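Observations on chain architecture
Here's the letter readout for the chains.
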Amino acid sequence: MQQLAAIALIVAAGRGTRADPTGRAPKQYAALGDRTVLAHAVAAFLEHPSIDAVQVVIHRDDRAAYDGAIACLSPSPRLAPPVIGGATRQQSVLAGLEALEAAGPTHVLIHDAARPFVPHDVINRVLAALVDKAAAIAALPLADTLKRAGANNTIAATVPRGGLWRAQTPQGFGFADILKAHRSAAAAGAPDFTDDAAIAEWAGLAVRLVVGDERAGKITTQEDLRMTERQQHAATAPLNIRIGQGFDVHSFTSGDHVMLCGVRVPHTHGVEAHSDGDVALHALTDALLGAIADGDIGQHFRNTDPRWRGASSDQFLEDAVKRIAAQGGEIVNVDVTVLSEAPKIAPHRDAMRQRLASLLRIDVGRVALKATTTEKLGALGRREGLAALAIALVHLR
Ligand code: MG
């Protein structure tokens, strides 16, 4: 793209009484996440590599609010001191343009402070169109069918929407062209135009429409502010994802079955354990407790406590599931690996996954169960016992 000397002129001089009927603060100074609406808008342009400088136009009563709003931004020589605007939006823009004349920019992008989130792509499209057009604005083609209301809100007509766009900002212009157009409009006492493209049109400039973005929407009401805040939160809130791992091993002793994943599996031996010795449930319980950093199975269910003698390990897992729920968490998925020469897991895999899913209260698609031998190596390879590994992902809200 050809390099333009482009300055962003952000219009923040309005009183914004629609967003806050109590008149406490104009909407551009309302908090939106970690900063004000205005600070978001300023940052969007300051952080764009093709914008040489940012000039904000403010109301004469808002200097302290402005200073407070931009205090969160890293100091930048590219952010010019604010200019005081006029009684109308049009007068404020003209004041800003007059202040910039000495800097001699080739182009200016005029932007509403009440549009806090302008994607860089939109700025790029406006700048690209300015290479061979006098003016270009961000806008969106209308998707809704338009109705013209008659008396008592009865539809008088359906207005064809073909060729109709909603104007957004930024609106880009050759600097000399738009300054001249604004001066002429002021001198002619022309009515207050609602955007700068209208002044450019009035002055006979060709204005190109480039595709804007719904995210560059204008905050007009308190509801807009709340909705934008929710969207912003959803887009930027860090995912509170926790991971935990668990391991357990028990040695064989005399018996005729082992418990694995809460399923009774016939075998030539049982396992040595205070409880039912279900290594898979013990490893998985520890993985879940690990994900929420809430101790381990031995801490919650002491193996010296007679209550847990021969106990079904289902209750250990269910206790961990309750602890996660108590923290507002959800189990995303679990993955269990059983280390066993014998018994074989495959014939029981489906029943085991179903049992785990039921205990965890999650879909079976989120429960993985794998088995491996240890190639006859070590104690497990000599069939002296069973072991299990587990990993669990938990989403805390
Ligand atoms: Mg154990």
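Residue numbers here run from 1 along each chain, matching the order of that chain's written sequence. Only residues with pLDDT of 70 or above have their local features reported here, since the model is predicted, and side-chain atom pairs are shown and tallied only from 80 upward, although totals for entire chains, interfaces and linings are computed over all residues. Hydrogens and waters are ignored; side-chain quantities use all the structure's heavy atoms.

**Looking at the packing of helix α8 (residues 279–291) against helix α10 (residues 314–326)**
Helix axes are fitted only over the stretch in contact, all axes being lines through C-alpha atoms; the angle between N-to-C directions runs from 0 to 180 degrees. A run of H or I in DSSP becomes a helix once it reaches four residues, and a run of E becomes a strand once it reaches two; helices and strands are each numbered from the N terminus. Put simply, α8 and α10 touch, their axes get as near as 9 Å, and they point 15 degrees apart. When the axis of α8 is compared with that of α10, the two are roughly parallel. When you trace α8 past α10, the crossing you get is left-handed. Contacts from L281, H282, L284, T285, L288 and L289 in α8 reach D314, F316, L317, A320, V321, R323 and I324 in α10. In the contact of α8 with α10, the residues fall into nine nonpolar, two polar and two charged. For classification, angles of less than 35 degrees are called roughly parallel, those exceeding 145 degrees roughly antiparallel, those between 65 and 115 degrees roughly perpendicular, and all remaining angles oblique. What makes a crossing left-handed is the near helix being turned counterclockwise from the far one by less than a right angle; a clockwise turn instead makes it right-handed. Contacts were defined at the residue level, with two residues in contact if any of their heavy atoms lie within 4.5 Å. Residues are grouped as follows: Ala, Val, Leu, Ile, Met, Phe, Trp, Tyr, Cys and Pro are nonpolar; Asp, Glu, Lys and Arg are charged; all remaining types, including Gly, are polar.

**What about the domain arrangement of the protein chain?**
Domain ranges listed in this record stem from an automatic or a database domain assignment. The assigned domain composition of the protein chain is domain 1 (6–233) and domain 2 (240–396). On a C-alpha basis, the centroid separation for the pair domain 1 and domain 2 is 59 Å.

**Looking at the pairing of strand β8 (residues 146–149)**
Taken together, the four bridges between β8 and strand β9 (residues 155–159) define a ladder with antiparallel strand orientation. Residue pairing for β9: A149 is matched across the bridge by I155. Strand pairing is defined by DSSP finding a minimum of two bridges between the two strands.

**A few points about the coordination of the magnesium ion**
Any nitrogen, oxygen or sulfur atom within 2.8 Å of a metal ion counts as a donor, with the limit raised to 3.2 Å for Na, K and Ca, and since water is left out, coordination shells can look unfinished. All of the protein donors around the magnesium ion are D248 (OD), D248 (OD), H250 (NE2) and H282 (ND1); their distances to the metal are 2.2 to 2.8 Å. Sequence positions of the donors to the magnesium ion reduce to the motif D-x1-H-x31-H. Linking D248 in strand β12 (residues 241–254) with H282 in helix α8, this pair joins segments that are 34 residues apart in sequence. Think of it in three bands: residues with accessible area under 20% of the maximum for their type are buried, residues over 50% are exposed, and the middle band is partly exposed, with areas taken using a 1.4 Å probe on protein chains only. Classification of D248 by relative accessible area gives buried; the value is 16%. Relative accessible area serves as the criterion here: at 7%, H282 is assigned to the buried category.

**Describing the sheet that holds strand β4 (residues 51–58)**
Judged by pairing direction, the sheet is mixed, and its seven strands sit side by side in the order β5-β4-β1-β6-β10-β7-β11 without closing on themselves. Where the open sheet ends on each side, the last strands, each with one partner, are β5 (83–84) and β11 (207–211). The pairing of strand β1 (residues 6–12) with strand β6 (residues 107–112) spans six bridges and is parallel. When the sheet's bridge partners are listed, L9 is paired in β6 with I110. Running at roughly 135 degrees to strand β7 (residues 135–141), helix α4 (residues 120–130) makes contact with β1, β4, β6, β7, β10 (165–174) and β11 of the sheet.

**Brief notes about the nonpolar core**
With 40 residues, the main nonpolar core has L260, L288, L356 and L360 as its most contacted residues. For this core, the elements supplying multiple residues, two or more each, are β13 (257–260), β14 (263–266), α8, α10, β16 (329–339), α11 (349–360), β17 (367–372) and β18 (385–396). It is α8 that provides the largest number of residues to this core, a total of nine residues. In this view, L260 contacts V265, D278, V279, A280, V338, I345, M352 and L386; residues no more than four positions away in its chain are not counted. Nonpolar core, defined: a set of buried Ala, Val, Leu, Ile, Met, Phe, Trp, Tyr and Cys residues in which side-chain atoms within 4.5 Å join the residues together. Membership of the second largest hydrophobic core comes to 32 residues, among which are I58, A69, L130 and A138.

**Some thoughts on the sheet that holds β16**
On the basis of which strands lie adjacent, the open sheet formed by five strands has the order β15-β12-β18-β16-β17 and mixed pairing. The sheet is open, and its two edges are formed by β15 (269–271) and β17, each paired on a single side. Strand-to-strand twist in this sheet, taken as the mean axis angle between neighbours without regard to direction, amounts to 25 degrees. The pairing of β16 with β17 spans six bridges and is parallel.

**Things to note about the side chain of T228**
Structurally, T228 is set in helix α7 (residues 222–236). Think of a polar contact as two N or O atoms within 3.5 Å of one another; within protein, one of them needs to be a possible hydrogen donor and the other a possible acceptor, and neighboring residues in sequence only count if both atoms come from side chains. Within the local environment of T228, its side chain forms a polar contact with the backbone oxygen of D224, the two atoms lying 2.7 Å apart. Once you skip the residues sitting within four places of it in the chain, T228 turns out to touch L32, F117 and I219.

**Considering α7**
To estimate how far a helix should reach, multiply one less than its number of residues by 1.5 Å. Under the 1.5 Å per step criterion, the end-to-end length of α7 is 21 Å for 15 residues, consistent within 8% with the ideal 21 Å. Elements that come into contact with the buried residues of α7 comprise β2 (31–32) and α1 (37–46).

**Section: the pairing of β13**
With four bridges joining them, β13 and β14 adopt antiparallel strand pairing. In the sheet register, H257 faces β14, and the bridge partner there is P266. Hairpin connection of β13 to β14: two residues between the antiparallel strands, including C261 at a positive phi of 55 degrees.

**Some words on the packing of aromatic side chains**
Stacked, edge-to-face and tilted are the three classes for Phe, Tyr and Trp ring pairs, Trp counted by its six-membered ring, which pair at centre distances within 6.5 Å; planes under 30 degrees apart are stacked, over 60 edge-to-face, the rest tilted. Under the criterion given, the structure shown has four aromatic pairs. Between F193 and W202 the ring centres are 6.1 Å apart and the planes differ by 55 degrees, which places this aromatic pair in the tilted class. A relative accessible area of 16% places F193 in the buried class. You can call W202 partly exposed: its relative accessible area is 39%.

**Concerning the side chain of H274**
Examined against the element boundaries, H274 turns out to sit in the loop between β15 and α8. Within the structure, H274 has its side chain in polar contact with the backbone oxygen of N303 (distance 3.1 Å). Each residue touching H274, except ones within four places of it in the same chain, is listed here: R302, N303, T304, D305, P306, W308, R309, G310 and A311.

**Some thoughts on unusual backbone geometry**
Look at the link from T169 to P170: it is a cis peptide, with omega at 15 degrees. P343 follows A342 through a cis peptide bond whose omega is 5 degrees. Mapped onto the elements of the fold, P343 is located in the loop between β16 and α11. One non-glycine residue, C261, adopts positive backbone phi at about 55 degrees. With respect to the helices and strands, C261 occurs in the loop between β13 and β14. Under the relative-accessibility criterion, C261 is labelled buried at 0%. Here A293, not a glycine, exhibits a phi torsion of approximately 50 degrees, which is positive. Positionally, A293 belongs in the loop between α8 and α9 (297–300). By relative accessible area, A293 is classed as exposed at 69%.

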